[in-house]
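Here is how the chains run, residue by residue.
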Amino acid sequence: IYAYDIAWEPFFGDINQRRAYDPLWRSWIDAHYGSVAKAEKVWGTPAPRHRDEVSTPEASHLGSDGPHRRMVADYRRFADELIDERYRAAADRLRVLDPNHLISFRMTVTGDPTCDGSHNMPYDFPGVAECMDFLAPEAYGRIGDWERIRPGMFTVTWARHCAPRKPVLW
């Protein structure tokens, strides 16, 4: 055993799964902007609503550019912070029991530039870079000719940028 694999290809989820985090997203907005109205002014676009409450971005917003880009960037930062908090807590509990083995997980399409994440929002390296001992993107999408392999160069470069002192294991 060289490491614990504490998750298996997780995603932040589709729109219905992400709605479970809406109360935390609203708290994040209040903590960073003071109010939704102030956030919307900075973003230059209204926050999406579900049942008259601020909610997760629409799937189409996650995989495209447009006036919603600032709001989506903040949502991704919120997701990164939440992922870091939760995975750090899990890793810290494991490290109490076993301080000798590495901790990470199979990160599926984390950092994959060919995945737009519009239907099932993936994690991103800023959310896992500090709390995991190594980064482990998945390479199944990289099987094939050079055109399939080349996007992996971005993935590993992005991983190394986010965690320059940690290994990247495909």
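Everything quoted here is computed from the prediction, not taken from an experiment.

How each quantity is defined
- Counting starts from 1 at the beginning of each chain's written sequence and moves along it residue by residue.
- A pLDDT threshold of at least 70 governs which residues receive local features in this predicted model, and a stricter bar of 80 or more applies before side-chain atom pairs are shown or counted, although totals over entire chains, interfaces and linings include all residues.
- Water and hydrogen atoms were dropped before computing side-chain values, which therefore reflect all heavy atoms in the structure.
- Starting at the N terminus, helices and strands are each numbered in turn, a helix being any DSSP run of H or I of at least four residues and a strand any DSSP run of E of at least two.
- Partly exposed residues are those whose accessible area sits between 20% and 50% of the maximum for their type, while under 20% is buried and over 50% is exposed, using a 1.4 Å probe and protein chains only.
- Any pair of Phe, Tyr and Trp rings, taking the six-membered ring for Trp, is counted once the centres come within 6.5 Å. Such a pair is stacked with planes under 30 degrees apart, edge-to-face with planes over 60 apart, and tilted for the rest.
- Under this scheme, a helix contributes an axis fitted over its contacting stretch, all axes are lines through C-alpha atoms, and angles between N-to-C directions fall in the 0 to 180 degree range.
- Oblique is the label for any angle not covered by the other classes, which are roughly parallel (under 35 degrees), roughly antiparallel (over 145) and roughly perpendicular (65 to 115).
- Pairs of residues are marked as contacts when any of their non-hydrogen atoms sit within 4.5 Å.
- Side-chain classes follow a simple rule in which Ala, Val, Leu, Ile, Met, Phe, Trp, Tyr, Cys and Pro form the nonpolar group, Asp, Glu, Lys and Arg form the charged group, and the remainder, Gly included, forms the polar group.
- Definition of nonpolar core: a set of buried residues of the types Ala, Val, Leu, Ile, Met, Phe, Trp, Tyr and Cys, connected through side-chain atoms within 4.5 Å.
- Any pair of nitrogen or oxygen atoms within 3.5 Å is treated as a polar contact; in protein, a donor-acceptor pairing is required on top of that, and neighbouring residues in sequence qualify only through side-chain atoms on both sides.

**Q** Quick question: what am I supposed to make of unusual backbone geometry here?
**A** Residues apart from glycine generally show negative phi values, whereas peptide bonds are mostly found in trans. Even without glycine at this site, Arg 51 takes up a positive phi of about 55°. Tracing the sequence through the fold places Arg 51 in the loop between strand E3 (49–50) and strand E4 (53–54). What makes Arg 51 exposed here is its relative accessible area of 72%. Of note in the backbone geometry, Thr 108 takes a positive phi value of approximately 45° without being a glycine. Secondary-structure assignment places Thr 108 in the loop between strand E5 (102–106) and strand E6 (121–122).

**Q** Would you take a moment to explain the packing of aromatic side chains for this structure?
**A** Any pair of aromatic rings gets described here by the distance separating the centres and the angle formed by the planes. Scanning all chains against the criterion turns up 13 aromatic pairs. Here the aromatic rings of Trp 25 and Trp 43 are separated by 5.9 Å at their centres, their planes lie at 10°, and the arrangement is stacked. Residue Trp 25 is found in helix H2 (residues 22–33), and its partner Trp 43 is found in helix H3 (residues 36–43); the two are separated by 18 residues along the sequence.

**Q** Even after reading the chapter, I still don't get the packing of H2 against helix H5 (residues 69–97), so can you show me in this structure?
**A** Angle between the axes and distance between the axes: these two values describe a pair of packed helices. Taken N-terminus to C-terminus, the directions of H2 and H5 make an angle of 110°; their axes are 11 Å apart at the nearest point. The orientation of H2 with respect to H5, classified from their angle, is roughly perpendicular. For the pair H2 and H5, the contacting residues are Leu 24, Trp 25, Trp 28, His 32 and Tyr 33 in the first and Met 71, Asp 74, Tyr 75, Arg 77, Phe 78, Glu 81, Leu 82 and Arg 86 in the second. For the contact of H2 with H5, the class distribution of residues is eight nonpolar, one polar and four charged.

**Q** Any chance you could explain the nonpolar core here in plain terms?
**A** Within soluble globular proteins, side chains that are nonpolar tend to cluster in buried spots. In terms of nonpolar packing, the biggest core is built from 36 residues, with Phe 12, Trp 25, Ile 29, Tyr 87, Phe 105, Val 128 and Met 132 touching the most fellow members. Put simply, the parts of the chain that give this core at least two residues each are H2, H3, H5, E5, helix H6 (125–128) and helix H8 (151–162). The biggest single contributor to this core is H5, with nine residues. Excluding residues within four positions of it along the chain, Phe 105 makes contact with Asp 5, Ile 6, Ala 7, Pro 10, Tyr 87, Tyr 123, Val 128, Met 132 and Ala 136.

**Q** What is the right way to look at the environment of Asp 65 in this model?
**A** Structurally, Asp 65 can be placed in the loop between helix H4 (59–62) and H5. In terms of polar contacts, Asp 65 uses its side chain to reach the side chain of Arg 69, at 2.7 Å.

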